[in-house]
Amino acid sequence: MDTTVTESVRAYIDTTGQRLRADGCEVKTEDWGGLPVLVGYRADFKLRWMATKLHLFTIAAPATSITASAIQAFTTSAFDYVLARKGQLRGLQSGVAVFPALVGTQIEPRALSWAQQKQQVRFAALARPVVVDASTGAAGAFRSTTTLGFVYSAHLRRKLDCYFPTA
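Residues numbered from 1 in each chain as written. Predicted model: local features only at pLDDT ≥ 70, side-chain atom pairs only at ≥ 80, totals over all residues. Heavy atoms only, no water.

Visitor: A description of the packing of aromatic side chains should follow, citing residues and the corresponding values.
Guide: Two aromatic rings are characterised by how far apart their centres lie and by the angle between their planes. Applying the stated criterion to the full structure yields five aromatic pairs. Judged by centre distance (5.2 Å) and plane angle (45 degrees), the rings of Trp32 and Tyr81 are tilted. One end of the pair, Trp32, is in strand β1 (residues 26–32); the other, Tyr81, is in helix α2 (residues 68–86), with 49 residues separating them in the sequence. A ring pair is formed by Phe99 and Tyr163, whose centres lie 6.4 Å apart and whose planes are at 65 degrees; its orientation type is edge-to-face. In this pair, Phe99 is assigned in strand β5 (residues 94–104) and Tyr163 in helix α4 (residues 150–163), connecting sequence segments 64 residues apart. Residue classification places Phe99 among the buried positions, given a relative accessible area of 0%. Exposure remark for Tyr163: the relative accessible area of 0% places this residue in the buried category. (Phe/Tyr/Trp six-rings, centres within 6.5 Å; stacked < 30°, edge-to-face > 60°. Helix = DSSP H or I, 4+ residues; strand = E, 2+ residues; numbered from the N terminus. Buried < 20%, exposed > 50% of the residue type's maximum accessible area, 1.4 Å probe, protein only.)

Visitor: Please give an account of the packing of α2 against helix α3 (residues 109–117) that cites residues and values.
Guide: Between two packed helices, both the angle of their axes relative to each other and the distance between the axes serve to describe the pair. It is at 7 Å that the axes of α2 and α3 come closest, and there the two elements cross at 40 degrees. Classified by the angle between their axes, α2 and α3 sit oblique to one another. Residues Ala68, Ile71, Gln72 and Thr75 of α2 pack against Arg110, Ala111 and Trp114 of α3. Along the lines of polarity and charge, the residues of the contact of α2 with α3 split into four nonpolar, two polar and one charged. (Axes fitted to C-alpha atoms, helices over the stretch in contact; angles between N-to-C directions. Parallel < 35°, antiparallel > 145°, perpendicular 65-115°, else oblique. Contact = heavy atoms within 4.5 Å. Nonpolar A, V, L, I, M, F, W, Y, C, P; charged D, E, K, R; others polar.)

If you want it as structure tokens, here you go:
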């Protein structure tokens, strides 16, 4: 096993945890089937969001190799996780968003392309997958404005830039 890769990935995830804490998030590490996963959470309410509360989760996990299928599967798992925690009452006055992030040093170009292409949507829930190359610090994610969930777009972009700055 290449300990340098493991150290750079762990260092990136630790730094992400520090960024989350500095932004007022609750942060913890959970065990997802033997994999240590960083989970950050915050909730924000704004009148300009049509008086809704947005529950934002950031979930970062180490990965040896990040493929398109790996980030897609991780995004699905993260969606299921956040909807089980805060999704019961989502709808008119409450929404859920998640940044599912895989952090590694071997990134498949299709994985990066998939993450940057669009946000994933479920009823009153959004996911903006993040692919991070820990060796360079480059973080790829969808950072544009969308029609669905447009009221949250600027907020989500700011949070992505704060937690996963582009290198």
